[in-house]
Amino acid sequence: MDVVLASSNAGKIKELQDMLADLGVVIIPQQKLSIPDIEETGLCFVENAILKARNAALLSGKPAIADDSGLEVDLLDGRPGIYSARYGGEDATDSSNNQKLLEELGDSPLEKRSARYQCIIVYMRHANDPTPIICQGSWEGHIAFEPRGSEGFGYDPLFYLADHNCHAAEMNKVEKNRISHRGKATAQLLEQLRQRI
């Protein structure tokens, strides 16, 4: 089954392709169909994921999956949240986003730097799907004082996991996909898709 993925984020595309491969789902990134990114005007991850999935389904005529995810930092009242990808400005990079986060947290102690990744994945059979599948996963950690590791993307170099004594960017792909926010949401999606396909 061909499904359009409403994302131009190479890291997300690769992770979702790997996780959905066992189901026989062929992921087609929306840019291969010349589908532009839609403006994320929602006020929460769920709204943005639905907007993206609906746009991809409408313009492709195929089922679509969209992921909206981000980092919530307790000390910053949940920021960067839905603005995670552009926290450092409209042309932000992973590096500039991480730098801004470190600046905002200053010298606050590690125990006050609690954070979590959130992921919402939406699957729509078509653009007018009245009952999209909505899956949610979260991953608890803390924001470290400096980046470590070269795996992953986004805030992974700063995301410290006390129970693994490492940063997310130091984990191998298989382990990360098993325990991450996206891994948890994708596992729920796989279960739901097995029932529908």
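Residues numbered from 1 in each chain as written. Predicted model: local features only at pLDDT ≥ 70, side-chain atom pairs only at ≥ 80, totals over all residues. Heavy atoms only, no water.

Peer 1: Sorry if this is basic, but what is going on with the overall build of the protein chain here?
Peer 2: Along the backbone of the protein chain there are five helices and seven strands. The order of helices and strands in the protein chain, counted from the N terminus, is β-α-β-α-β-α-β-β-β-β-α-α. Relative to the compact-globule value of 16 Å for 197 residues, the protein chain shows a C-alpha radius of gyration of 17 Å, a close match. Principal-axis analysis of the C-alpha atoms gives the protein chain an extent of 50 × 30 × 25 Å. Of all 197 residues assigned to the protein chain, the portion counted as buried reaches 48%. (Helix = DSSP H or I, 4+ residues; strand = E, 2+ residues; numbered from the N terminus. Rg over C-alpha atoms; globule rule 2.2 N^0.38 Å. Buried < 20%, exposed > 50% of the residue type's maximum accessible area, 1.4 Å probe, protein only.)

Peer 1: I keep staring at the sheet that holds strand 3 (residues 64–73) and nothing clicks. Help me out?
Peer 2: The strands making up a sheet associate through backbone hydrogen bonding, with each pair oriented either parallel or antiparallel. Within the open sheet, the seven strands sit side by side as 2-1-3-4-5-6-7. Their pairing is mixed. Taken across any chain shown, the strands that pair with only one partner, and hence form the sheet edges, are strand 2 (26–29) and strand 7 (166–167). Sheet topology note: the strand 5 (residues 133–143)/strand 6 (residues 159–161) ladder contains two bridges and is antiparallel. Looking across to strand 6, one finds that Ile143 is bridged to Phe159. Taken strand by strand, helix 2 (residues 45–60) contacts strand 1 (2–5), strand 3, strand 4 (114–124) and strand 5, and its axis lies near 155° from that of strand 3. Contacts from helix 5 (residues 181–196) reach strand 3, strand 4 and strand 5 within the one sheet, and its direction differs from that of strand 5 by about 165°. (Pairing = 2+ DSSP bridges. Contact = heavy atoms within 4.5 Å. Axes fitted to C-alpha atoms, helices over the stretch in contact; angles between N-to-C directions.)

Peer 1: What is the right way to read the pairing of strand 4 from this model?
Peer 2: Regular strands place side chains that alternate from one sheet face to the opposite one. Buried residues dominate strand 4, accounting for ten of its eleven residues. In terms of strand pairing, strand 3 meets strand 4 through ten bridges, oriented antiparallel. When the sheet's bridge partners are listed, Glu72 is paired in strand 4 with Arg116. As paired strands, strand 4 and strand 5 are joined by ten bridges and run antiparallel to one another. From the neighbouring strand, Val122 faces strand 5, where its bridge partner is Ile134.

Peer 1: Any chance you could explain helix 1 (residues 10–20) here in plain terms?
Peer 2: Among the residues of helix 1, Lys12, Ile13, Glu15, Leu16, Met19 and Leu20 are the ones counted as buried. In this fold, the buried residues of helix 1 make contact with strand 1, strand 2, strand 3, strand 4, helix 4 (173–179) and helix 5.

Peer 1: Help me understand the pattern of salt bridges, please; the structure alone is not making it clear to me.
Peer 2: Note on pairing: side chains with opposite charge can pair once their charged atoms come close. For the structure shown, the criterion picks out 13 salt bridges. Residue Glu40 is joined to Lys52 by a salt bridge in which the shortest nitrogen-to-oxygen separation is 3.5 Å. Separated by twelve residues along the polypeptide, Glu40 in the loop between strand 2 and helix 2 and Lys52 in helix 2 bring together distant segments of the chain. Residue class for Glu40 comes out partly exposed when judged on its relative accessible area of 26%. Between Arg79 and Glu104 there is a salt bridge, and its shortest N-O distance comes to 3.2 Å. (Salt bridge = Lys/Arg side-chain N within 4 Å of Asp/Glu carboxyl O.)

Peer 1: Help me out: how do you make sense of the side chain of Asp67 in this one?
Peer 2: Within the secondary structure, Asp67 sits in strand 3. Within the structure, the side chain of Asp67 is placed 2.7 Å from the side chain of Arg182, a separation counted as a polar contact. If we skip the residues at most four places from it in the chain, Asp67 touches Lys12, Leu16, Lys52, Cys119, Ile120, Ile121 and Arg182. (Polar contact = N/O pair within 3.5 Å; in protein donor to acceptor, adjacent residues only side chain to side chain.)

Peer 1: What am I meant to see in the environment of Asp107 here?
Peer 2: For Asp107, the location among the structural elements is in the loop between helix 3 (94–105) and strand 4. Note on Asp107: relative accessible area 73%, which makes it exposed. The sequence separation of Asp107 and Phe145 amounts to 38 residues, and the corresponding C-alpha distance is 8.2 Å.

Peer 1: Any chance you could explain the environment of Lys32 here in plain terms?
Peer 2: With respect to the element layout, Lys32 can be found in the loop between strand 2 and helix 2. A relative accessible area of 66% places Lys32 in the exposed class.

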